[in-house]
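Here's the letter readout for the chains.
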Amino acid sequence: MPAIVQVSELAVAFPGAGDGWHHVVDGVSLTVEEGEVVGLVGESGCGKTLTALALFGLVPEPGRIVAGTVRVGGEDVLAADEKRLSALRGGVAGLVFQEPAQALNPVRSIGFQVSEAARLHLKLPGERTDELVPKLLAEVGLEDPAGLARAYPHQLSGGQRQRVLLACALSANPRLLVADEPTSALDTVSQQHMVELLEKLRERRQLSVLFISHDLALVGRLADRVTVLYAGETVEVAAREALFDDPRHPYTRALMNAQLRVEGGGSQRLPTVPGTVPRAGEWGRACRFAPRCPVAFERCRAARPALTGLENGRQVRCFLASDAEEPDGKR
Ligand SMILES: Nc1ncnc2c1ncn2[C@@H]1O[C@H](COP(=O)(O)OP(=O)(O)OP(=O)(O)O)[C@@H](O)[C@H]1O
Ligand code: SF4
Ligand SMILES: [Mg+2]
């Protein structure tokens, strides 16, 4: 069966100074197989959200996909017209946005918003959506679903709103759920509950899930496979156990060490990797991680490594894991 998400060498750019395009994502490859949970992880600004938006043809104007291929549920997203893209959004795939406060319409009832995708994609009449909404709200673990259906977003807590968004995303029975930082606004206990809920939903609905987070430990609780992004490109892909037992990219190792420092009671609240991420588009022709890499050597500052397939589906973009570099002429 073909993968439900297949992204290859995606590049997204915004108009820069003069005539040029400023690349903010350049080299993201990502696969989600049917029924699989894939974690997409990386520091702030590495391109997680833009990658998720690109899956739905939703890169914000004046941004554009300038290279690569994007297939979702068999649809070539770059070639699809608005009608096909709209069938994809909410129909084939549900998207839970990063900002729960902004994603819900303040003047529409919860019931109206939860039933929207079902009305649009399943063409359900009013009485059927009246039955569906409380079921969906109960399925995402909300109490008093009938009362909640009549409520408005401002009457709900942040955790409740996040669950409502999940119910909206599931409304038309999608095969794929894309959840962009669904836990980042929640406290630790609510985060744990959200992860448990996603696990249950995945089992019950046989969903494929793309779970996006900057938190590698959280991703490790849910994902079958992990894709690590750094500075707009994929640097490592591996099955969860393989990644945690034997991380091959120095950035993946740095992320894990940062996480351990926090778990060990370090003073930082968020895990941080020493050094700073190069600004988007100012990547040059070297390995983008070279300025922060503890094992960088001369070649790393002169050429960009290619994302290379190794054993068991693992992919790594590092000269120490493979000898390959990007062909000349590529950024
Ligand atoms: N509308 C936009 N216009 C110009 N640049 C943008 C726009 N949206 C995102 N970018 C840039 O693209 C890069 C990737 O942004 P993106 O939001 O995908 O990162 P992210 O990994 O989701 O970060 P976070 O963890 O903070 O959510 C960043 O450098 C960001 O500044
Ligand atoms: S290619 Fe070089 S700089 Fe880049 S991650 Fe590997 S060792 Fe570090
Ligand atoms: Mg984001």
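First, a word on what this report is: a plain description of the structure on this page. (Residues numbered from 1 in each chain as written. Chains lettered and ligands numbered in written order. Predicted model: local features only at pLDDT ≥ 70, side-chain atom pairs only at ≥ 80, totals over all residues.)

1. Structural notes on the overall build of the protein
At step 1: When helices and strands are tallied, the protein shows 11 helices and 12 strands.
At step 2: Since a compact globule built from 331 residues should have a radius of gyration of about 20 Å, the 20 Å found for the protein is in line with a globular shape.
At step 3: Viewed in the frame of its principal axes, the protein has a C-alpha envelope of about 65 × 50 × 40 Å.
At step 4: Classification of the 331 residues of the protein by burial places 42% in the buried group. (Helix = DSSP H or I, 4+ residues; strand = E, 2+ residues; numbered from the N terminus. Rg over C-alpha atoms; globule rule 2.2 N^0.38 Å. Buried ≥ 20, exposed ≤ 12 C-beta atoms within 10 Å, placed from the backbone.)

2. What to know about the site of ligand 1
At step 1: Surveying the vicinity of ligand 1 reveals 15 residues, the closest of which are Val24, Ser44, Lys48, Thr49 and Leu50.
At step 2: Ranked by residues supplied to the shell around ligand 1, first place goes to helix H1 (residues 48–55) with 3 residues.
At step 3: Of the residues belonging to the shell around ligand 1, the class tally is 6 nonpolar, 8 polar and 1 charged. (Near = placed C-beta within 6 Å. Nonpolar A, V, L, I, M, F, W, Y, C, P; charged D, E, K, R; others polar.)

3. Observations regarding the sheet that holds strand E6 (residues 93–96)
At step 1: Overall, mixed pairing links the 8 strands, which are arranged E6-E7-E8-E3-E9-E10-E12-E11 in an open sheet. With one partner strand each, in any of the chains shown, E6 and strand E11 (308–309) form the two edges of the open sheet.
At step 2: Summarising the sheet, E6 and strand E7 (residues 176–180) pair through 4 bridges and their orientation is parallel. By the bridge assignment, Leu95 is partnered in E7 with Val178.
At step 3: Most of the contacts of H1 go to E7, to which it runs at about 150 degrees, and overall it touches strand E3 (37–41), E6, E7, strand E8 (208–213) and strand E9 (225–230). (Pairing = 2+ DSSP bridges. Contact = placed C-beta atoms within 7 Å. Axes fitted to C-alpha atoms, helices over the stretch in contact; angles between N-to-C directions.)

4. Observations concerning the environment of Glu236
At step 1: Among the structural elements, Glu236 can be located in strand E10 (residues 233–239).
At step 2: C-beta crowding within 10 Å serves as the criterion here: with 28 such atoms nearby, Glu236 is assigned to the buried category.
At step 3: In the structure, Glu236 is positioned 13 residues away from His249 in sequence and 6.4 Å away in space, judged by C-alpha atoms.
At step 4: When near neighbours in sequence (up to four residues on either side) are disregarded, Glu236 contacts Val228, Arg248, His249, Thr252, Gln315 and Val316.

5. Structural notes on the environment of Leu122
At step 1: Among the structural elements, Leu122 can be located in the loop between helix H4 (110–121) and helix H5 (126–139).
At step 2: For Leu122 and Gly91, which are 31 residues apart along the polypeptide, the C-alpha to C-alpha distance reads 8.2 Å.

6. Here we look at the sheet that holds strand E5 (residues 75–76)
At step 1: Read from one edge of the open sheet, 4 strands run E2-E1-E4-E5, paired in antiparallel fashion. The strands lining the two open edges of the sheet, one partner per strand, are strand E2 (21–32) and E5.
At step 2: Two strands pair when backbone bridges link them, and strand E1 (residues 5–15) and E2 are joined in this way by 9 bridges, in the antiparallel orientation. When the bridges of E2 are listed, Ala11 appears paired with Asp26.
At step 3: Seen against the sheet, H1 touches E1, E2 and strand E4 (64–72) and runs at an angle of roughly 110 degrees to E1.

7. Points about unusual backbone geometry
At step 1: Of note, the amide linkage connecting Glu61 to Pro62 takes the cis form, showing an omega dihedral of 0 degrees.
At step 2: Positionally, Pro62 belongs in the loop between H1 and E4.
At step 3: Even without a glycine there, the phi angle at Glu181 is positive, about 45 degrees.
At step 4: Its location among the elements puts Glu181 in the loop between E7 and helix H8 (188–205).
At step 5: Despite not being glycine, Gln206 shows a phi value in the positive range, around 55 degrees.

8. Quick look at the packing of H4 against H5
At step 1: Following both chains from N to C, one finds H4 and H5 inclined at 110 degrees, their axes separated by 9 Å at the closest point. Here H4 lies roughly perpendicular to H5, going by the angle between them. By crossing handedness, the relation of H4 to H5 is classed as right-handed. Here H4 contributes Gly111, Val114, Ser115, Ala118 and Arg119 to the contact with H5, which in turn contributes Thr129, Leu132, Val133, Leu136 and Leu137.
At step 2: A class-by-class count of the residues in the contact of H4 with H5 yields 6 nonpolar, 3 polar and 1 charged. (Parallel < 35°, antiparallel > 145°, perpendicular 65-115°, else oblique. Left-handed = near helix turned anticlockwise from the far one by under 90°.)

9. Topic: the pairing of E10
At step 1: Of all 7 residues that make up E10, 6 are buried, and the element is covered over most of its length.
At step 2: Here 6 bridges tie E9 to E10, and the two strands are oriented antiparallel to one another. Within E10, the position partnered with Val226 by the bridge is Ala238.
At step 3: Counted between consecutive antiparallel strands, the loop separating E9 from E10 contains 2 residues, among which Ala231 sits at a positive phi close to 45 degrees.
At step 4: Summarising the sheet, E10 and strand E12 (residues 315–316) pair through 2 bridges and their orientation is antiparallel. Paired with Glu236 across the bridge in E12 is Val316.

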